[in-house]
Amino acid sequence: MSDLVDKLVCENLKTLKPYESARRLFSGGQHWLNANESPFANEYELSSDVLNRYPDCQPETVIGAYAAYAGVEKSQTLTTRGADEGIELLIRAFCEPGQDAILQCLPTYGMYAISAETCNVGVVNVPLKSDFTLDIDGILAQKGKVKLIFLCAPNNPTGTTLAREQITTILDAFADSALVVVDEAYIEFDMDNTWAPAISDYPNLVVLRTLSKAFALAGIRCGFTLANEPVIKALLKVIAPYPVPAPVAQIAEQALSEDSAATLRGQIAELNTQKAWLVSELRKISDVEIVGDTRANFILFRYPLKQALMDYLVAQGMLIRDQSKQLSLENCLRISIGNEQQNRLFISLFEAFIQTLEQDS
Ligand SMILES: *Cc1c(COP(=O)(O)O)cnc(C)c1O
């Protein structure tokens, strides 16, 4: 950094490293199985008639369609630039910089901590237990010390869900002191476990959703925060005046329409079929251990030669995600479920990699 920037930049940002998104880490390659995106690119129609006008802050059609899809009220629905913006708005609306803290359960999604740090808000870590369930006692011990509790189910990158009783315990214990945010970015792959319909029962429950994963729309940056109206009203105080570009609203509305529902269901079913195939193929490879569960559109696995495998795959244009720096995930890699051709390519490259080892020995 320049001397001037060094002198001016906020204290809490001096040591902060930006989120290492899959796209920042590697932009080359042809086969992207590293960001839990959908392999399907669906078609949409755009109208440029309204592009001279500022869009609605909260486009009625999008809010209405998503509320209906999620089974909540429109007044309980906020749309944002990806679920990531929902995370940031929650922190900005509910945590005093330099004073308050969020709670997260590692290993988990990296943006909770990064968003907190950029806002100069503390991060309390209560790691998941070795079986990736919540450490309830550890979380309850933080009562009064945290304002937001981020739970991720299905969890990225472990693919595990969280027991309903555990979440209920936390919602009750923190009823007067914290919002409990259940990040459901991958809920379409584990629909039975959604918390959205419970929102009316818990004033401190927040659910995060996105169109980036099952809906195959990571490129438009559209997410949703579901919560009771008082929470939504607080978030509306900090959101930008025009967060949803008109083309995004047009595409989101089409993706949430009746016409798209069957396509979406078909693509989820196809990804689940592909996932089952990949799991069975990975199980055949010696020294591969599937880690956690597979309730999302990715598989986490441990492999002792993970670095050599990653290097080999990168050289072949196949990108998956290294998760080995995360707590308890030594030697773990995460592969997002691609289309049939990509998944087959991944397995054949893995087999070819093992061949190179055998040749060397
Ligand atoms: C991908 C992801 C998000 C962010 O989704 P966007 O809507 O693309 O910002 C949020 N939470 C988890 C757990 C994710 O994996």
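The structure under discussion appears in the preceding block.
A few points on the structure. For clarity, every value in this text was computed on a predicted model and none was experimentally measured.

## A short note on the pattern of salt bridges
Here is step 1: Tallied over the full model, the rule gives 15 salt bridges.
Here is step 2: A salt bridge links Glu 85 to Arg 81; the nearest nitrogen and oxygen atoms lie 2.5 Å apart.
Here is step 3: The exposure class assigned to Arg 81 is partly exposed, which follows from its relative accessible area of 36%.
Here is step 4: Residue Arg 295 pairs with Asp 293 through a salt bridge whose shortest N-O separation is 2.8 Å.

## What about the site of the ligand?
Here is step 1: As a structural note, the neighbourhood of the ligand is formed by 13 residues, with Ala 83, Asp 183, Tyr 186, Thr 210 and Lys 213 the closest of them.
Here is step 2: Between the ligand and Asp 183 there is a distance of 2.6 Å, counted from a nitrogen atom to a side-chain nitrogen or oxygen.
Here is step 3: At 2.6 Å, a side-chain N or O of Ser 212 approaches an oxygen atom of the ligand.
Here is step 4: Relative to its unbound accessible surface of 380 Å², the ligand loses 94% to contact with the protein.
Here is step 5: The element contributing the most residues to the shell around the ligand is helix H4 (residues 82-94), with 3 residues.
Here is step 6: Classifying every residue of the shell around the ligand gives 5 nonpolar, 4 polar and 4 charged.

## Details of the pairing of strand S8 (residues 223-227)
Here is step 1: Of all 5 residues in S8, 5 are buried, a share of seventy percent or more.
Here is step 2: Where burial is concerned, the two faces of S8 agree: the one with Gly 223, Thr 225 and Ala 227 and the one with Phe 224 and Leu 226 are both buried.
Here is step 3: Pairing of strand S2 (residues 77-80) with S8, which is carried by 4 bridges, proceeds in the antiparallel orientation. Bridge pairing in S8 places Thr 80 opposite Gly 223.
Here is step 4: As defined by bridge partners, strand S7 (residues 205-210) adjoins S8 across 5 bridges and the pair is classed as antiparallel. Residue Leu 208 lies in a different strand from S8, and its bridge partner there is Thr 225.

## Focus on the side chain of Gln 342
Here is step 1: Note that Gln 342 resides in helix H12 (residues 340-360).
Here is step 2: Accessibility expressed as a relative area gives 13% for Gln 342, which makes it buried.

## As for the nonpolar core
Where a protein is soluble and globular, its nonpolar side chains tend to be buried together.
Here is step 1: Ile 149, Leu 211, Leu 282, Phe 301, Ile 320, Phe 346 and Phe 350 are the most contacted members of the largest nonpolar core, which has 86 residues in total.
Here is step 2: In terms of nonpolar packing, the next biggest core, distinct from the first, is built from 26 residues, Leu 90, Ile 102, Tyr 109 and Ile 232 among them.

## With respect to unusual backbone geometry
Here is step 1: For the bond from Leu 106 to Pro 107, the omega torsion is 0°, close enough to zero to count as cis.
Here is step 2: As for its placement among the helices and strands, Pro 107 is situated in the loop between strand S3 (101-104) and helix H5 (111-118).
Here is step 3: Cis peptide bonds are those with omega within 30 degrees of zero, and the linkage from Ala 153 to Pro 154 qualifies with -5°.
Here is step 4: With a phi angle near 65°, Phe 132 is a residue other than glycine that sits in the positive phi range.
Here is step 5: Among the structural elements, Phe 132 can be located in the loop between strand S4 (122-125) and helix H6 (136-140).
Here is step 6: Phe 132 sits in the buried class, given a relative accessible area of 10%.
Here is step 7: One non-glycine residue, Asn 331, lies in positive phi territory at about 60°.
Here is step 8: Within the element layout of this structure, Asn 331 appears in the loop between strand S12 (321-322) and strand S13 (332-336).
Here is step 9: By relative accessible area, which is 30% here, Asn 331 ends up partly exposed.

## Notes on the sheet that holds strand S5 (residues 148-152)
Here is step 1: Strand order across the open sheet formed by 7 strands is S2-S8-S7-S6-S5-S3-S4, with mixed pairing between neighbours. The two strands at the open ends of the sheet, each matched to only one other strand, are S2 and S4. Going from strand to strand, the sheet's axes swing by 25° on average, the running direction of each strand aside.

What counts, and at which threshold
- Residues numbered from 1 in each chain as written.
- Predicted model: local features only at pLDDT ≥ 70, side-chain atom pairs only at ≥ 80, totals over all residues.
- Heavy atoms only, no water.
- Salt bridge = Lys/Arg side-chain N within 4 Å of Asp/Glu carboxyl O.
- Buried < 20%, exposed > 50% of the residue type's maximum accessible area, 1.4 Å probe, protein only.
- Near = heavy atom within 4 Å.
- Polar contact = N/O pair within 3.5 Å; in protein donor to acceptor, adjacent residues only side chain to side chain.
- Areas by Shrake-Rupley, 256 points an atom, 1.4 Å probe, with all protein chains shown as cover.
- Helix = DSSP H or I, 4+ residues; strand = E, 2+ residues; numbered from the N terminus.
- Nonpolar A, V, L, I, M, F, W, Y, C, P; charged D, E, K, R; others polar.
- Pairing = 2+ DSSP bridges.
- Core = buried A, V, L, I, M, F, W, Y, C linked by side-chain atoms within 4.5 Å.
- Axes fitted to C-alpha atoms, helices over the stretch in contact; angles between N-to-C directions.

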